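Close look at the chain arrangement
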Amino acid sequence: VNRGMAKEVAGMVRDSGSFRPFFNGLAPTIARDVVFGGCYTWLRLQIQYWGDLQPNEQWKANLIAAGLATVASGPFNYVRNIHYATSSRDTADGTLQVLRKLAANVNEQPTAIQKFHYVQNRLRIGWGTMRVALGVAFGHSVYDWLHTNTKHLFVP
């Protein structure tokens, strides 16, 4: 047992008076993961179908689907970050409250390009999005390759 970590956890529980800090960000994290998983799965299948992709081309659908799913789940990741940034002694705004504030701030931007840049900056759409898309596409390609090329190892 890591005594330093146990002491830190005990201090957090003592200072806040509850286990609430351990649940900060839980709801938006679940929402983010559900949105990402649902979008990624649905989009990759649709892109494979629409593009009539061969098995060796499916990485393209995985890459595009993962990028779009990351953007779609971005608002929930934003809420999660707001919750994690909230002191353990304070109660974070709810998911809908944070999303409404974000939408209001976007609507305050005078031009469409400024709205786009505001959303891009707040949701951190950029290199991280590409990193996730590449990582998921690569991981899925490795999974597909292993699934195809190692079946004989597990069949009695």
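Our structure is the block above this text.
A quick note: this is a predicted structure, and the numbers were derived from the prediction, not measured.

Another point: the overall build of the protein chain. A count of helices and strands for the protein chain gives eight helices and zero strands. In the protein chain, the succession of α and β elements from N to C terminus is α-α-α-α-α-α-α-α. Taking 15 Å as the expected radius of gyration for a compact globule of 156 residues, we find that the protein chain reaches 20 Å, considerably beyond that expectation. Along the three orthogonal principal directions, the C-alpha set of the protein chain runs to about 55 × 55 × 20 Å. Across the protein chain, the fraction of contacts at a sequence separation of at least 24, relative to all contacts at a separation of at least 6, is 61%. A total accessible area of about 10900 Å² is found for the protein chain, and carbon and sulfur atoms account for 63% of it. Across the protein chain, the mean location of the 16 positive side-chain charges is 5 Å away from that of the 9 negative side-chain charges.

Here helix 4 (residues 58-85) is 28 residues long and its end C-alpha atoms lie 38 Å apart, about the 40 Å a rise of 1.5 Å per residue gives. Along helix 4, the largest kink reaches about 45° and is centred on Gly 74; proline Pro 75 follows within four residues of it.

Tallied over the full model, the rule gives one aromatic pair. On the numbers, 6.0 Å between centres and 5° between planes, the contact of Phe 36 with Tyr 40 is stacked. Taken together, the residues span about one helical turn, with Phe 36 and Tyr 40 both in helix 3 (residues 26-50) at a distance of four residues.

Attention now goes to the packing of helix 3 against helix 4. Contact geometry of helix 3 with helix 4 gives a least axis separation of 8 Å together with a crossing angle of 165°. With respect to helix 4, the axis of helix 3 lies roughly antiparallel. Crossing geometry of helix 3 relative to helix 4 is assigned as right-handed. Of the residues contributing to the contact of helix 3 with helix 4, the split by class is 18 nonpolar, eight polar and three charged.

All chains considered together, the criterion is met by three salt bridges. A salt bridge links Asp 33 to Arg 32; the shortest N-O distance between them is 3.0 Å. Put simply, Lys 101 and Asp 93 hold a salt bridge, and the shortest N to O gap is 2.5 Å. By relative accessible area, which is 46% here, Lys 101 ends up partly exposed. The exposure class of Asp 93 is partly exposed, given its relative accessible area of 27%.

To continue, consider the environment of Arg 3. When you line up the elements, Arg 3 lands in helix 1 (residues 3-16). Overall, the relative accessible area of 71% leaves Arg 3 in the exposed class. It is 18 Å that separates the C-alpha atoms of Arg 3 and Asp 15, two residues lying twelve residues apart in sequence.

Basis of the calculations
The residue numbers shown here count from 1 along each chain, following its written sequence. In keeping with the predicted nature of the model, local features appear solely for residues at pLDDT of at least 70, side-chain atom pairs appear and are counted solely at 80 or more, and the whole-chain, interface and lining totals rest on all residues. Only hydrogens and water are removed before side-chain values are computed, so all heavy atoms of the structure are retained for them. Think of it this way: any DSSP run of H or I at least four residues long counts as a helix, any run of E at least two long counts as a strand, and we number them from the N terminus. Throughout, radius of gyration means the C-alpha value; the globule benchmark is 2.2 Å times the number of residues raised to the power 0.38. Throughout, a contact is declared for two residues whenever any of their heavy atoms are within 4.5 Å. Note on areas: Shrake-Rupley, 1.4 Å probe, and residue coverage restricted to the protein chains presented here. The sign given to each residue is positive for Lys and Arg and negative for Asp and Glu; His and the chain ends receive no count. Taken as the charge location is NZ of Lys, CZ of Arg, CG of Asp or CD of Glu. Multiplying 1.5 Å by the helix residue count minus one yields the expected span of that helix. What the bend at a residue measures is the angle between two axes, fitted to the seven residues ending there and to the seven starting there. Two aromatic rings from Phe, Tyr or Trp, using only the six-membered ring of Trp, form a pair when their centres are within 6.5 Å; if the ring planes differ by under 30 degrees the pair is stacked, by over 60 it is edge-to-face, and anything between is tilted. As a rule, the C-alpha atoms of each element are fitted with a line to give its axis, helices using only the stretch in contact, and angles between N-to-C directions run from 0 to 180 degrees. Geometric relationships in this document are graded by angle, where less than 35 degrees denotes roughly parallel, more than 145 denotes roughly antiparallel, 65 to 115 denotes roughly perpendicular, and other angles denote oblique. Handedness of a helix crossing follows the sense of rotation of the near helix relative to the far helix, less than a right angle counterclockwise being left-handed and clockwise being right-handed. Side-chain classes follow a simple rule in which Ala, Val, Leu, Ile, Met, Phe, Trp, Tyr, Cys and Pro form the nonpolar group, Asp, Glu, Lys and Arg form the charged group, and the remainder, Gly included, forms the polar group. We define a salt bridge as a side-chain nitrogen of Lys or Arg found within 4 Å of a carboxyl oxygen belonging to Asp or Glu. For every residue, the accessible area obtained with a 1.4 Å probe (protein chains only) is divided by the maximum for its type, and the residue is called buried under 20%, exposed over 50%, and partly exposed between those limits.

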